[in-house]
Amino acid sequence: MGLLDGKNALIFGLANERSIAWGITQAFKREGANLGISYAGEMLERRVKPLAEQVDCKWVEECDVTKDDQIALTAEKAAKHFGKIDVLVHSIAFAGRDELSKPYYETSREGFKTAMDISVFSLLALTNAFLPYLNPYASIMCLTYYGSVKVAPHYNVMGVAKAALESSTRYLAYDLGPQKIRVNAISAGPIRTLAAAGVGGFRDMYKHFADISPMRENVTIEDVGNSAVFLASDLSRRITGEVLYVDSGFNSVGVQMSAKDEKAE
Ligand code: NAP
C-alpha cells in the first residue's frame, strides 16, 4: 500500500530529469498517486513527454504561469481529467541571469517584476484557479531556499522572491485553513539543476554546503521527493503554513566551520 494511493497529484515545473519536480514525481509514483505533469514551454515538450511516459502519466499539459488564460485552461483540463485534485506541487522559479550575478541593488525594475511574477505570484494564481477542484485536506506545496532568510551571495532578487513565497505560504494557509486545505513549503539545500546553474557561484556554494552542513552531505532530488510525499500524504494532515527544511541541517548552524577546520582545533 502506498502513502498516496488514490490521490490525484499535479506537479508544475518539470524541465528535465535533474529537476526537483522529477524527484517529487518519482516518489509520488512509488507511493501510488495518479499523476499529472505540467511544463513551461513548447521547447520542453520533447524532454518532458518521455519522462511522463516513464511514470505512466497520461495527463501532460503545457502551462506558462505568466499567462492567466493558460492557468485557467489547465485547471479546467485537469478537472475534466481527474475530477478532484488532492495535491498541487509548485516547483517553479525564474530570474534573469543579470539579476543573479550583479549586486542586488542593480536589479532592474523589469527583472524584479519578472522574478516575483513567475516565482511568487504564480503560487497564488494556481491556488486560485484550482481551488474549486481541490478536495478537502488537499495539500499545496512550493519549493523555497534558505536565501530567503539569510544572504546567499548572488541569489539576490530570488532570495527576496523566496521570502515573499514563504510569506505567501502562510497567508494562503490561513485563507484556506477553514476549507481544510493545507499549504506548505519545502526549503531544499542546493541541488544541481537547470535553475541553479543560473545562480552565480553556485558550484562553489554547492561544494561548501557538503563541507559544513551538520550531515556533511548534499541534498538530492530523491530526498526532496520523499519529504514531498510526507507533505502530500495524510501523515501531515494537521501541518500547514510551515517551511520544512530538507537541507542536511544547514539552516540550524550559526557559526559555520568546515570539518577540516574543526580537526585543526
Ligand atoms: P528546474 O528544473 O530548472 O525547474 C524550474 C522550473 O520552473 C522549470 O521547469 C522552469 O521551466 C519552470 N518555469 C520557469 N518559468 C516558468 C513559467 N513562466 N511558467 C511555468 N514554469 C516556469 O530547477 P529546480 O532547481 O528543480 O527548481 C524547482 C524549484 O525548486 C524552484 O522553485 C527553485 O527555486 C526551487 N529550489 C531549487 C534549489 C536548487 O538548488 N536547485 C534549492 C531550493 C529550492 P523552464 O525551464 O522552461 O524555464
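Our structure's up above, just so we're on the same page.
This text gives an overview of the structure that appears in the document. Treat the numbers as computed from the prediction; the structure is a model and nothing was measured.

## Let's talk about the site of the ligand
At step 1: The local shell around the ligand holds 28 residues, among which S19, I20, K162, I191 and T193 are the closest.
At step 2: The contact in question runs from an oxygen atom of the ligand to an N or O atom on the backbone of I92, over 3.3 Å.
At step 3: Between I191 and the ligand, the recorded distance is 2.8 Å, taken from a backbone N or O atom to an oxygen atom.
At step 4: Protein chains shield 89% of the accessible area of the ligand, which is 880 Å² for the free molecule.
At step 5: Among the secondary structure elements, those contributing two or more residues to the shell around the ligand are β5 (134–144) and α6 (194–197).
At step 6: For the shell around the ligand, the element with the most residues is α6, which contributes three residues.
At step 7: Along the lines of polarity and charge, the residues of the shell around the ligand split into 19 nonpolar, seven polar and two charged.

## Here we look at the packing of helix α1 (residues 20–30) against helix α8 (residues 221–232)
At step 1: At a minimum axis separation of 7 Å, α1 and α8 run at an interaxial angle of 55 degrees. By the angle between their directions, the pair α1 and α8 is classed as oblique. Crossing geometry of α1 relative to α8 is assigned as right-handed. Of the residues in α8, those touching α1 at I20, W22, G23, I24, Q26, A27, F28 and R30 are I221, E222, V224, G225, N226, A228, V229 and A232.
At step 2: By residue class, the composition of the contact of α1 with α8 is ten nonpolar, four polar and two charged.

## Topic: a positive patch on the surface
At step 1: A contiguous patch of positive charge on the surface is contributed by R18, R192, R203 and K207.
At step 2: Positionally, R18 belongs in the loop between β1 (8–12) and α1.
At step 3: Residue classification places R18 among the partly exposed positions, given a relative accessible area of 47%.

## Describing the environment of R97
At step 1: Topologically, R97 is positioned in the loop between β4 (85–90) and α4 (109–130).
At step 2: The class for R97 is exposed, based on a relative accessible area of 59%.
At step 3: Through-space distance from the C-alpha of R97 to that of G111 is 9.5 Å; in sequence the pair is 14 residues apart.
At step 4: Apart from the residues lying within four places of it in its own chain, the contact partners of R97 are A197 and G198.

## Focus on the pairing of β1
Where a strand is regular, its side chains alternate between the two sheet faces.
At step 1: Among the five residues in β1, five count as buried, and that is most of the element.
At step 2: Residue alternation in β1 divides its side chains into two sets, N8, L10 and F12 and A9 and I11, and both sets are buried.
At step 3: Note that β1 and strand β2 (residues 34–39) share five bridges and pair parallel. Residue pairing in the sheet places F12 in a bridge with S38 of β2.
At step 4: Regarding the hand of the β-α-β motif, the stretch spanning β1, α1 and β2 is right-handed.
At step 5: In this sheet, β4 lies alongside β1 in parallel orientation, the contact comprising four bridges. Paired with L10 across the bridge in β4 is L88.

What counts, and at which threshold
- Residues numbered from 1 in each chain as written.
- Predicted model: local features only at pLDDT ≥ 70, side-chain atom pairs only at ≥ 80, totals over all residues.
- Heavy atoms only, no water.
- Near = heavy atom within 4 Å.
- Polar contact = N/O pair within 3.5 Å; in protein donor to acceptor, adjacent residues only side chain to side chain.
- Areas by Shrake-Rupley, 256 points an atom, 1.4 Å probe, with all protein chains shown as cover.
- Helix = DSSP H or I, 4+ residues; strand = E, 2+ residues; numbered from the N terminus.
- Nonpolar A, V, L, I, M, F, W, Y, C, P; charged D, E, K, R; others polar.
- Axes fitted to C-alpha atoms, helices over the stretch in contact; angles between N-to-C directions.
- Parallel < 35°, antiparallel > 145°, perpendicular 65-115°, else oblique.
- Left-handed = near helix turned anticlockwise from the far one by under 90°.
- Contact = heavy atoms within 4.5 Å.
- Patch = residues over 30% accessible without salt bridge, like charges linked within 9 Å, V, L, I, M, F, W, Y side chains within 5 Å.
- Salt bridge = Lys/Arg side-chain N within 4 Å of Asp/Glu carboxyl O.
- Lys, Arg positive; Asp, Glu negative; His and termini not counted.
- Charge placed at Lys NZ, Arg CZ, Asp CG, Glu CD.
- Buried < 20%, exposed > 50% of the residue type's maximum accessible area, 1.4 Å probe, protein only.
- Pairing = 2+ DSSP bridges.
- Right-handed = clockwise from strand over helix to strand, strands pointing away.

By themselves, these are just geometric observations and shouldn't be taken as functional.
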